[in-house]
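These are the residues of each chain, in order.
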Amino acid sequence: MSKSGEFTFRRAQADDIKDVLSMIQELADFEKMSNGPQLTEEDLKRDAGLTGGQEYCEVYVLIDNATNKAIGYSICYKAYSTWQGRYFFVEDIYVRPEHRKRGAGKRIFLEVSARAVELRCPRLEFNVLEWNTARKFYESLGAVDLTDKEGWHYYRVEEQQLAKLAADLSAQKS
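Residues numbered from 1 in each chain as written. Predicted model: local features only at pLDDT ≥ 70, side-chain atom pairs only at ≥ 80, totals over all residues. Heavy atoms only, no water.

- Where an unreviewed UniProt entry is consulted, the protein appears under the name N-acetyltransferase domain-containing protein, with the organism given as Drosophila yakuba.
- In UniProt, the protein has this text filed under Sequence similarities (unreviewed entry): "Belongs to the acetyltransferase family." (UniProt positions renumbered as here; feature names shortened; annotations may be inferred.)

1. Topic: the pairing of strand β4 (residues 69–81)
Part 1: Summarising the sheet, strand β3 (residues 58–64) and β4 pair through seven bridges and their orientation is antiparallel. Within β4, the position partnered with Val-59 by the bridge is Ile-75.
Part 2: In sequence, β4 turns back onto strand β5 (residues 85–95) through a hairpin of three residues. (Pairing = 2+ DSSP bridges. Helix = DSSP H or I, 4+ residues; strand = E, 2+ residues; numbered from the N terminus.)

2. Describing unusual backbone geometry
Part 1: With phi around 65°, Lys-32 is a residue other than glycine that occupies positive phi space.
Part 2: Along the chain, the position of Lys-32 falls in the loop between α1 (17–30) and α2 (41–47).
Part 3: Here Asn-68, not a glycine, exhibits a phi torsion of approximately 60°, which is positive.
Part 4: Checked against the element boundaries, Asn-68 lands in the loop between β3 and β4.

3. Quick word on the UniProt feature "domain: N-acetyltransferase" (unreviewed entry) in the protein
Part 1: UniProt tags residues 7–164 as "domain: N-acetyltransferase" (unreviewed entry).
Part 2: End C-alpha to end C-alpha, residues 7–164 measures 46 Å, and it is 34% helix and 25% strand.

4. What about the packing of aromatic side chains?
Part 1: Tallied over the full model, the rule gives nine aromatic pairs.
Part 2: Taken together, the ring pairs in this structure connect Phe-109, Phe-126, Phe-137 and Tyr-138 into an aromatic cluster.
Part 3: Here Lys-32 stacks its cationic end above the ring of Trp-131, 3.9 Å away from the centre of that ring.
Part 4: One Lys or Arg, Arg-123, reaches over the ring of Tyr-87 and ends 4.6 Å from the middle of that ring. (Phe/Tyr/Trp six-rings, centres within 6.5 Å; stacked < 30°, edge-to-face > 60°. Lys NZ or Arg CZ within 6 Å of the ring centre and 35° of its normal.)

5. A few points about the nonpolar core
Part 1: Within the largest apolar cluster, 19 residues are counted, with the highest numbers of intra-cluster contacts made by Phe-9, Leu-62, Phe-88, Ile-93, Ala-104, Ile-108 and Val-112.
Part 2: Broken down by secondary-structure element, the contributors of at least two residues to this core are β2 (7–11), β3, β4, β5, α3 (104–118) and α4 (134–140).
Part 3: In terms of residue count, the dominant contributor to this core is α3 (five residues).
Part 4: When residues no more than four places from it in sequence are discounted, the contact partners of Val-112 are Phe-9, Ser-74, Cys-76, Phe-88, Val-90 and Leu-124.
Part 5: Val-20, Leu-21, Cys-57 and Tyr-94 belong to the second largest nonpolar core, which has 17 residues in total. (Core = buried A, V, L, I, M, F, W, Y, C linked by side-chain atoms within 4.5 Å. Buried < 20%, exposed > 50% of the residue type's maximum accessible area, 1.4 Å probe, protein only. Contact = heavy atoms within 4.5 Å.)

Written out as structure tokens, the structure reads:
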């Protein structure tokens, strides 16, 4: 936990997950992907290691010290690169609109960056939608747009196609 100034940044606890899910939906609405989030409270508690199982992600909340309410969150996880080894991936950083321009987003980004250093990760990675004005904010903090610099494209295989690929493998093994 890190308390200073207006905010406290800490690992989410089971009682925070409902607020985090609400903010995930707010972020999806902002990103014009309202139907995207499909996580349940149980899913996120399980994956954050809050039910005693394996931890797949680290969930953090930013608390406004004046109200003791969560005003932002971040979800991150450890990843691996064949070029540099371990790195820290930021899935989401979000601050509720009424709390922006107070340094909350910067505080979350600095805390997540410090966590990457604590884990001895040589880099922090994340994705930002092309139209999102937060790109300028991240660039002001030293982030480099790899699409521009190195020409990387981000791909995904969705659940239905993933199942088809696994079935294709099973058929090849038969």
